[in-house]
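Working through the structure, step by step
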Amino acid sequence: MDRQPGLSVRLRLTLSYAGFLMLAGALLLGVVWLFLLRYIPERATLNDASVRTHLTVFPVRSYLLREFAPRALAAMLVLLVVGLAGGWWLAGRMLAPLDRITAATRSAAGGSLSHRIALPGKHDEFRELADAFDSMLARLEAHVAEQQRFASNASHELRTPLAITQTLLDVARKDPGGAATTELVDRLHDVNTRAIDLTEALLVLSRADSRTFARGPVDLALIAAEAVETLVPVADERGVTVELVADAAPTDGSPALLLQLATNLVHNALVHNLSEAGRVTVTTAIDGDRATLVTANTGAPLTPALVSTLDEPFQRGAERIRTDHAGVGLGLAIVKSIAQAHDGTLTLTARDGGGMTARVELPIA
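Here's what I pulled together on the structure shown here.

What counts, and at which threshold
Residues numbered from 1 in each chain as written. Predicted model: local features only at pLDDT ≥ 70, side-chain atom pairs only at ≥ 80, totals over all residues. Heavy atoms only, no water. Helix = DSSP H or I, 4+ residues; strand = E, 2+ residues; numbered from the N terminus. Buried < 20%, exposed > 50% of the residue type's maximum accessible area, 1.4 Å probe, protein only. Axes fitted to C-alpha atoms, helices over the stretch in contact; angles between N-to-C directions. Parallel < 35°, antiparallel > 145°, perpendicular 65-115°, else oblique. Left-handed = near helix turned anticlockwise from the far one by under 90°. Contact = heavy atoms within 4.5 Å. Nonpolar A, V, L, I, M, F, W, Y, C, P; charged D, E, K, R; others polar. Pairing = 2+ DSSP bridges. Core = buried A, V, L, I, M, F, W, Y, C linked by side-chain atoms within 4.5 Å. Arc of directions from axis to C-beta. Polar contact = N/O pair within 3.5 Å; in protein donor to acceptor, adjacent residues only side chain to side chain. Salt bridge = Lys/Arg side-chain N within 4 Å of Asp/Glu carboxyl O.

1. Digging into the overall build of the chain
Along its length, the chain carries nine helices and nine strands. The buried share of the chain, taken over its 365 residues, is 31%.

In structure tokens, the structure reads:
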């Protein structure tokens, strides 16, 4: 941004210090005149009894003023010099932390987010500003690293179906009238569907991260019931029993995104379940000042280290059962982003005996 040149903050503080010192000196001189010199008579007389007359000795007030004024002016000039020099030095000392903050800002603007101010000293306004800036840099660095990692993973995931599509098209072009044409078309359809699902998941994730959605009253109980009803065919296909305990859990947010959140949680619980005698429990309730949505599923044993990574983009459990409903590896990442966009949290916990519990907490309406 182009701005007109102006006085630096240090120079303005210096002038302020010097001006205040001069004003204090002028007030002091005014007090001396008001309470001292004005009460001194203009002329002093000496009563000499030997000559029986009143003799005028000297003009007192005029003499004092003639003697006092030059010295007062010299004192004011000294105060001016001391105020300018001392003010410049004090302003420099006071503004020194700003130089480090400015240097860190320029470094961040140049792309270096790893630099920290780390301003030493006791707590004051400058330290508070520096600490806030360091916290912002840390969050920004983590966000940029996450975005870079996500972009790399997304590129890799999108490249796979595109490469498969190109291979299938090359085969079809070499044998346009071959007997395997129908099979190639079916495989192209499956690959294209996967690419579309991945693109839509990326769009939902981006929308949740940017928080560009309207908020309104939402009951997690109704959202969970709709998600379970939508995924009944998947549960029947896998032979999984779904139990829904839906108590009222009102919150504020986007109905569409929260439905996506609930659907992803239930779908994840179904896909990661055992192939036989599996069970999924979906519960909504109010816990203090939080509305909660909890899914628990049976399944293969999971380690805490593995569970802690499942809400990252494109992370899949090692024991995941690959089916047509396997997804694109963004289900729990989308749940986490939607929860955070609604000022909530997602907590994943490995269950004793196998399976996982996913708990979403949102502010109660």
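2. Some details on the packing of helix H5 (residues 220-230) against helix H7 (residues 255-271)
Any two packed helices are characterised by how steeply their axes cross, that is the angle between the axes, and by the distance between the axes. Put simply, H5 and H7 touch, their axes get as near as 9 Å, and they point 55 degrees apart. When the interaxial angle is binned, H5 and H7 end up oblique. As H5 packs across H7, the resulting crossing turns out to be right-handed. Of H7, the residues touching H5 (which contributes Leu-220, Ile-223, Ala-224, Glu-226, Ala-227 and Val-228) are Pro-255, Leu-258, Leu-259, Ala-262, Thr-263 and Val-266. A per-class count over the contact of H5 with H7 returns 10 nonpolar, one polar and one charged.

3. Description of the sheet that holds strand S4 (residues 240-246)
In sheet architecture, strand pairing relies on hydrogen bonds along the backbone and comes in two forms, parallel and antiparallel. The strand order S4-S6-S7-S9-S8 describes an open sheet built from five strands, whose pairing is mixed. In the strand order of this sheet, the two ends are held by S4 and strand S8 (345-350), each with one partner. On average, each strand axis in the sheet is inclined to that of its neighbour by 15 degrees, with strand direction left out of account. When strand S7 (residues 290-297) meets strand S9 (residues 356-363), the two strands line up antiparallel, connected through eight bridges.

4. Focus: the nonpolar core
With 45 residues, the main nonpolar core has Leu-261, Leu-265, Leu-270, Leu-293, Ile-338, Leu-348 and Val-360 as its most contacted residues. Looking at this core element by element, the count peaks at eight residues for H7. Not counting residues within four places of it along the chain, the set of residues in contact with Leu-293 comprises Leu-220, Ala-224, Leu-261, Ala-262, Leu-265, Val-282, Thr-283, Thr-284, Ala-358, Arg-359 and Val-360. Of all hydrophobic cores here, the second largest spans nine residues; its members include Leu-113, Ala-130, Phe-133 and Leu-137.

5. Some details on the pairing of strand S5 (residues 250-253)
Here S5 shows a buried face lined by Thr-251 and Gly-253 and an unburied face lined by Pro-250 and Asp-252. The pairing of strand S3 (residues 216-219) with S5 spans four bridges and is classified as antiparallel. Each residue of the ladder has a partner; that of Val-218, found in S5, is Thr-251.

6. Things to note about H5
Leu-220, Ala-221, Ile-223, Ala-224, Ala-227 and Val-228 are the residues of H5 that are buried. One face of H5 carries all of its buried residues, which in axial projection span an arc of 160 degrees. Exposed and oriented more than 90 degrees from the buried face of H5 are Leu-222, Glu-229 and Thr-230. Where H5 starts, the residue carrying a side-chain oxygen 3.0 Å from the main-chain nitrogen of Ala-221 turns out to be Asp-219.

7. Observations concerning the pattern of salt bridges
Enumeration over the complete set of coordinates arrives at four salt bridges. With its nearest N and O atoms 2.7 Å apart, the salt bridge here joins Arg-116 to Glu-141. Taken as a pair, Arg-116 in the loop between helix H2 (60-109) and helix H3 (125-174) and Glu-141 in helix H3 lie far apart in primary sequence, 25 residues in all. In this structure, the salt-bridge partner of Arg-279 is Glu-243, at a minimum N-O distance of 3.6 Å. Here Arg-279 is found in strand S6 (residues 278-287), whereas its partner Glu-243 is found in strand S4, with 36 residues between them in sequence.

8. Considering the side chain of His-342
Along the polypeptide, His-342 turns up in the loop between helix H9 (331-341) and S8. Polar contacts involving the side chain of His-342 include one to the main-chain carbonyl oxygen of Ile-338, which spans 2.8 Å. Each residue touching His-342, except ones within four places of it in the same chain, is listed here: Phe-213, Arg-215, Asp-252, Gly-253, Ser-254, Leu-257, Leu-258, Leu-362 and Pro-363.

All quantities given are derived from atomic positions and should not be read as evidence of function.
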